[in-house]
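# Summary of structural features
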Amino acid sequence: MRKITPQVAEIVERFPDLHPPFAAQAAVVESNRCLNCFDAPCTAACPTHIDVPRFIKKIATGNLRGSALSILDANVLGASCSRVCPVQVLCEGACVMHRYNKQPIAIGRLQRFAMDAFYASDGVLPRKNAEERPQKIACLGAGPASLAAAAELRQRGYQVTVFDKHPLPGGLNTYGVAEYKLPLPDSLREIKLIEDLGVRFRFGVEIGRELSIDEIESQFDVIFLGIGLGVMHTLDIPGGNHPGVIDALQFIADYKTGRTTGIHGKAVVIGAGNTAIDAANAAMRLGAKSVTLLYRRTLGHMSAFDFEYEHAKLEGVTFHWLAQPVAVHANEDALSSIECMRMEIAADGSLHSVADSNFHIDCNIVIPAIGQSPLLDLLAQCSEVRLVNGRVAVDRATGQTSNPKYYAGGDCVNGGREVVDAVADGKRVGIAIARSLEATHV
Ligand code: SF4
């Protein structure tokens, strides 16, 4: 599909897997631990409802292709989800083994085992309907929600085109997830499966600039908005626009695509979400002398998962709580320090700065990870698509917006959740679009 540059290959080498894959025998042993629960709480806990006992049983009996097809039937991005899902709070968190004080079944690693075998054997995704249908669907954005919707619709014979402003597909899977969780080539390999179904991709196309919404509306029967969120919030303090201040998503995209192959000196990351943790870990692995993560509240308020926090500590990241950045300082072109103010939390939970508490942390790069804005400019051009608090308002069951020609799913609707939530949205909405088209074009 796309060539992997030597720089990307080097990054893949330097960021080995966080959870190495199972060897074949270990996968069989682990799959035989599964109790095949009839009510499968693991399946209920998966937003895409993968039939977990079914795919695990197939691994146990040596039917790896059947296992992978069971996964793909529920989740076309089953490979990336096996790597990036917070399984501790989803399927594995729900596994009945916890009730018996035993380790939960390693569902994520087994899923990865089946999917790796599928891709290694050049597996293809079967169509659900051999008939070609003339209706055209545009999917805006090439992230997980759009890819899942595109796959559902194409498998039913519809003509689907995915548009994205980036040169590569995958959205956050390709550009925004830490390399040691999901290497860029693995994200692209998975998307080739969808391309092979006959989904067309148009890259480097910014809707509203290179191609107008009017043109899309006139050329397509249905438009799916899977545009995710927009740029990260900027650091709005003196010195916050210095070139040594690089937002976390840009920082992660730069090293994943080989534009950044190392950093020198000390790094400070601002924020307390999973993206902040991914950026902090990456900075360590890219050679930073030290990485300090600043957060204005405390550990208990962090939005990152506990296991992400524990992992960052193992990587060597230092955490500095109750610290609010107030200025970035530079010596000529190079950053020298970030100035912070101490914060305190009152009994009623409100946050206050402590007078005369300013202090400096030496640093050479600052990486803010302080949230993303919605793509309001683009959404404002979509005729009669209603927004609520900057998110696209949809019918929860179908994903249809206030304009019946438009549907939406993923981060632009939910404000930013897990990859698997976006896949679940895209799949559900893709099925709803197909049903609607079948009902109106008999
Ligand atoms: Fe297997 Fe655990 Fe799911 Fe039961 S809950 S089917 S033991 S993975």
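Residues numbered from 1 in each chain as written. Predicted model: local features only at pLDDT ≥ 70, side-chain atom pairs only at ≥ 80, totals over all residues. Heavy atoms only, no water.

Okay, empty space enclosed by the protein next. Scanning the entire structure with this criterion turns up three cavities of 30 Å³ or more. A volume near 120 Å³ is recorded for the largest cavity. Contributing to the lining of the largest cavity are 16 residues, with Cys-46, Ile-50, Cys-85, Cys-91 and Gln-111 lying nearest its centre. Contributions of two or more residues to the lining of the largest cavity are made by helix 6 (78–84) and helix 8 (107–120). When the residues that make up the lining of the largest cavity are grouped by side-chain class, the tally is 11 nonpolar, five polar and no charged. In this model, the second largest cavity occupies a volume close to 100 Å³. Lining the second largest cavity are 15 residues, and of these Cys-34, Cys-37, Cys-42, Cys-95 and Ile-105 lie nearest its centre. The set of elements that each furnish at least two residues to the lining of the second largest cavity consists of helix 3 (41–45) and helix 4 (52–60). Take the lining of the second largest cavity: its biggest share by element is three residues, from helix 4. In terms of residue class, the lining of the second largest cavity is made up of 14 nonpolar, one polar and no charged. (1 Å grid on protein atoms, 1.4 Å probe; cavity = no way out; pocket = protein on both sides within 12 Å on 5 of 7 lines; lining within 4 Å. Points joined across faces, edges and corners; volume = space filled by probe spheres on them. Helix = DSSP H or I, 4+ residues; strand = E, 2+ residues; numbered from the N terminus. Nonpolar A, V, L, I, M, F, W, Y, C, P; charged D, E, K, R; others polar.)

A few words on the side chain of Thr-43. One can find Thr-43 in helix 3. With near-sequence residues (within four places) excluded, Thr-43 lies in contact with His-49, Ile-50, Asp-51, Val-52 and Pro-53. (Contact = heavy atoms within 4.5 Å.)

It is worth spelling out the pairing of strand 2 (residues 159–164) at this point. With six of six residues buried, strand 2 lies mostly within the body of the structure. Relative to strand 2, strand 1 (residues 136–140) is paired through five bridges, and the arrangement is parallel. The residue bridging Cys-139 from the neighbouring strand is Val-162, located in strand 2. Between the parallel pair strand 1 and strand 2, the chain is carried across by helix 9 (residues 144–155), and the sense of this crossover is right-handed. As judged from the four bridges shared by strand 2 and strand 3 (residues 200–203), these two strands associate in the parallel manner. The residue of strand 3 that forms the bridge with Val-162 is Phe-201. (Buried < 20%, exposed > 50% of the residue type's maximum accessible area, 1.4 Å probe, protein only. Pairing = 2+ DSSP bridges. Right-handed = clockwise from strand over helix to strand, strands pointing away.)

Turning our eyes to something else, we now look at the sheet that holds strand 6 (residues 290–294). In a beta sheet, neighbouring strands are held together by backbone hydrogen bonds and run either parallel or antiparallel to one another. Read across the open sheet, the four strands follow the order 7-6-5-12; overall the sheet is parallel. On the outer flanks of this sheet lie strand 7 (318–320) and strand 12 (365–368), each paired with one strand and no other. For this sheet the average axis-to-axis angle between neighbouring strands, irrespective of direction, equals 25 degrees. Where strand 5 (residues 266–270) lies against strand 6, five bridges are found, and the strand directions are parallel. Among the inter-strand pairings, Lys-266 is bridged to a residue of strand 6, identified as Ser-290. (Axes fitted to C-alpha atoms, helices over the stretch in contact; angles between N-to-C directions.)

With that settled, the discussion passes to the domain arrangement of the protein. Segmenting the protein into domains produces domain 1 (16–120), domain 2 (136–230 + 373–440) and domain 3 (248–368). Computed from C-alpha atoms alone, the centre-to-centre distance between domain 2 and domain 3 is 32 Å. Counting residues at the interface gives 13 residues for domain 2, matched by 13 residues for domain 3. Counting the surface domain 2 buries against domain 3, the share from its top three residues, Tyr-175, Tyr-180 and Lys-181, is 49%. Between the two partners, domain 2 and domain 3, sit two salt bridges. Linking Glu-308 and Lys-181 is a salt bridge whose minimum nitrogen-to-oxygen distance equals 2.9 Å. Scanning the region where domain 2 abuts domain 3 turns up nine residue pairs in polar contact (both at pLDDT 80 or more). Take the side of domain 2 that touches domain 3: its biggest share by element is four residues, from helix 10 (residues 172–175). (Domains from an automatic or database assignment. Buried area = accessible area lost by both parts, 1.4 Å probe. Salt bridge = Lys/Arg side-chain N within 4 Å of Asp/Glu carboxyl O. Polar contact = N/O pair within 3.5 Å; in protein donor to acceptor, adjacent residues only side chain to side chain.)

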